[in-house]
Amino acid sequence: MPGPILETLSGQNLSRRPIWLMRQAGRYLPEYRALRAEKGGFLELVYDTEAAAEITLQPIRRFGFDGAILFSDILIVPYAMGQDLTFTAGEGPRLAPRLVDTALSALQAVPERLAPIYATVGRVKAALGPQTTLLGFAGSPWTVATYMVAGEGSRDHHETRSYAYRDPQAFQAIIDAILEVTIEYLAGQVEAGAEGLQLFDSWAGSLAPAEFERWVIAPNARIAAAIQARYPHVPVIGFPKGAGEKLAAYARETGVNAVGVDETIDPLWAARELPAGMPVQGNLDPLLLLAGGAELDRQARRVLDAFADRPHVFNLGHGIGQFTPIAHVEQLLATVRGWQRP
């Protein structure tokens, strides 16, 4: 029997809403902090398959979430494409050489850098019960490209957006290269045991409408089609954070099985404007989980009520914050699991 997340993503509107939280395996958990202190830096954890599997499983043991999300990072793809990847405390990730300075053709692919991630997926899958869905993931091409071009994160992605305007043909080649590696990376995760996949387009909101069509919708549609052709039983969740009103077009045109809704979108709007019957995921503000109290309960019920008439996986509108109290996560779980359809 498939777990409730897979049932929901297949189009079933369950009375008990499944729940998992983006970044549920991470810094808000004392057991994660203890393991990181023992093992070292972030990338070292990702490439220690035993540690990465343990981190993936920690929130399942503590909270019993319906889904386990692979502990890894979206920048593993450019790392496998040949860029150097480092994480510095307080500064975030760095990729070199930057593609704003160096031609894509200069990179020498290192595909073996993906193998430890598949090993982590296999370890986690072997440890999970049948009702807990194992979710793999990758960054979508636009979001990954913003790091590959600029070499780091930025607020408005001006270097990458300028590059795409200045030389759209060269930028298309970067998107295409990321896309091909991403398809194989996701396929490798499925072969290792992933039962569902999420595409994170974390910086989709920085694009104008025409660019959103070209750099977000079109590549995600190609990825979704390729995965569904190979693995028709594996649902793909698309999460274009910051898409706003463009989310409806994304849902219609990409062919993803479900769409993630961020916290800036009114769930009543999403329930009305997204394709009828399409599963949705989201969209509680992570800051509400940090704040707790009666407002957390009220807003969680508002999300649940808004999506009562369609398949819905409860989640946050983005990742759980580092300083979120454990008690607030427990409070949210009680609210979601105690909800009854109005």
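As shown above, the structure is provided for reference.
All values derive from a computational prediction rather than experimental measurement.

J.: Describe the overall build of the protein, with residues and values.
T.: Each helix and strand counted, the protein has 15 helices and 9 strands in total. Relative to the compact-globule value of 20 Å for 342 residues, the protein shows a C-alpha radius of gyration of 19 Å, a close match. The principal-axis extents of the C-alpha atoms in the protein amount to approximately 55 × 45 × 40 Å. Counting across all 342 residues of the protein, residues that qualify as buried make up 56%. For the protein, restricting intrachain contacts to residue pairs at least 6 apart in sequence, the fraction spanning at least 24 positions comes to 74%. Accessible surface, the protein: about 13400 Å² in total, of which carbon and sulfur atoms supply 52%.

J.: Please set out the pattern of salt bridges residue by residue, giving values where relevant.
T.: Opposite charge on two side chains makes pairing possible when the charged atoms of those side chains draw close. Tallied over the full model, the rule gives 14 salt bridges. Note that glutamate 195 is salt-bridged to lysine 125, the shortest N-O span being 3.1 Å. On the criterion of sequence distance, the pair formed by glutamate 195 in the loop between helix H9 (168–192) and strand E5 (196–201) and lysine 125 in helix H6 (residues 115–127) is long-range, its members being 70 residues apart. Relative accessible area serves as the criterion here: at 17%, glutamate 195 is assigned to the buried category. Lysine 125 sits in the partly exposed class, given a relative accessible area of 31%. The residue arginine 298 makes a salt bridge to glutamate 295 at a minimum N-O spacing of 2.8 Å. A residue pair is termed a helical-turn pair when its members lie 3 or 4 positions apart in one helix, as arginine 298 and glutamate 295 do in helix H14 (residues 293–306) at 3 residues. On the accessibility criterion, arginine 298 (44% relative accessible area) is partly exposed. Classification of glutamate 295 by relative accessible area gives partly exposed; the value is 34%. Overlapping salt bridges bring together Arg98, Asp101 and Glu159 as one network.

J.: Any details on the packing of helix H7 (residues 141–150) against H9? Residues and values, ideally.
T.: Contact geometry for H7 and H9: axes closest at 9 Å, N-to-C directions at 115°. For the crossing formed where H7 meets H9, the hand is right-handed. On H9, the residues that touch Pro141, Trp142, Val144, Ala145, Met148 and Val149 of H7 are Phe171, Ile174, Ile175, Ile178 and Leu179. Here the residues of the contact of H7 with H9 are counted per class, giving 11 nonpolar, no polar and no charged.

J.: Run through the sheet that holds strand E7 (residues 258–261), naming residues and quoting values.
T.: Spatial ordering of the open sheet is given by E1-E4-E5-E6-E7-E8-E9, a layout of 7 strands whose pairing is parallel. The open sheet has two edge strands, strand E1 (67–69) and strand E9 (312–316), and neither has a second partner. Here the strands of the sheet are splayed against their neighbours by 25° on average, with no regard to which way each runs. In this sheet, E5 lies alongside strand E4 (residues 133–139) in parallel orientation, the contact comprising 5 bridges. Paired with glycine 139 across the bridge in E5 is phenylalanine 200. Lying on the sheet, H9 is in contact with E4 and E5; it crosses E4 at an angle near 165°.

J.: Any chance you could break down the packing of H7 against helix H8 (residues 158–166) for me, citing the residues and the numbers?
T.: Between H7 and H8, whose axes approach to 8 Å, the crossing angle comes to 100°. Of the possible angle classes, the one that applies to H7 and H8 is roughly perpendicular. In this structure, H7 uses Trp142, Ala145, Thr146, Val149 and Ala150 to contact H8, whose residues at the interface are Glu159, Thr160, Arg161 and Tyr163. Class assignment for the residues of the contact of H7 with H8 results in 5 nonpolar, 2 polar and 2 charged.

J.: Describe the packing of aromatic side chains, naming the residues involved and giving the relevant values.
T.: Geometrically, a pair of aromatic rings is defined through the distance of the ring centres and the angle of the planes. Considering all chains together, one arrives at 12 aromatic pairs under this definition. Ring geometry for phenylalanine 137 against phenylalanine 200: centres 5.5 Å apart, planes inclined by 85°, an arrangement best described as edge-to-face. Remark: phenylalanine 200 occurs in strand E5 and phenylalanine 137 occurs in strand E4; sequence separation between them is 63 residues. Exposure class is identical for phenylalanine 137 and phenylalanine 200. Each is buried. Members of the aromatic cluster, joined through ring pairs, are Tyr32, Phe42, Phe71 and Phe87. Residue placement shows arginine 113 over the ring face of tyrosine 79; its charged tip is 3.8 Å from the ring centre. Residue placement shows lysine 246 over the ring face of phenylalanine 212; its charged tip is 5.3 Å from the ring centre.

J.: Account for unusual backbone geometry, naming residues and giving values.
T.: Among all residues except glycine, the phi angle is most often negative; among peptide bonds, the trans geometry is most common. Looking along the chain, the bond that leaves alanine 96 and enters proline 97 is cis, with omega of -5°. Here proline 97 is to be found in the loop between strand E3 (92–96) and H6. Residue glycine 282 is joined to asparagine 283 through a cis peptide bond whose omega torsion reads -15°. Not every positive phi belongs to a glycine, and histidine 157 is a case in point at roughly 55°. Looking at the element boundaries, histidine 157 is found in the loop between H7 and H8. Histidine 157 sits in the buried class, given a relative accessible area of 3%.

The rules behind these values
Residues numbered from 1 in each chain as written. Predicted model: local features only at pLDDT ≥ 70, side-chain atom pairs only at ≥ 80, totals over all residues. Heavy atoms only, no water. Helix = DSSP H or I, 4+ residues; strand = E, 2+ residues; numbered from the N terminus. Rg over C-alpha atoms; globule rule 2.2 N^0.38 Å. Buried < 20%, exposed > 50% of the residue type's maximum accessible area, 1.4 Å probe, protein only. Contact = heavy atoms within 4.5 Å. Areas by Shrake-Rupley, 256 points an atom, 1.4 Å probe, with all protein chains shown as cover. Salt bridge = Lys/Arg side-chain N within 4 Å of Asp/Glu carboxyl O. Axes fitted to C-alpha atoms, helices over the stretch in contact; angles between N-to-C directions. Left-handed = near helix turned anticlockwise from the far one by under 90°. Nonpolar A, V, L, I, M, F, W, Y, C, P; charged D, E, K, R; others polar. Pairing = 2+ DSSP bridges. Parallel < 35°, antiparallel > 145°, perpendicular 65-115°, else oblique. Phe/Tyr/Trp six-rings, centres within 6.5 Å; stacked < 30°, edge-to-face > 60°. Lys NZ or Arg CZ within 6 Å of the ring centre and 35° of its normal.

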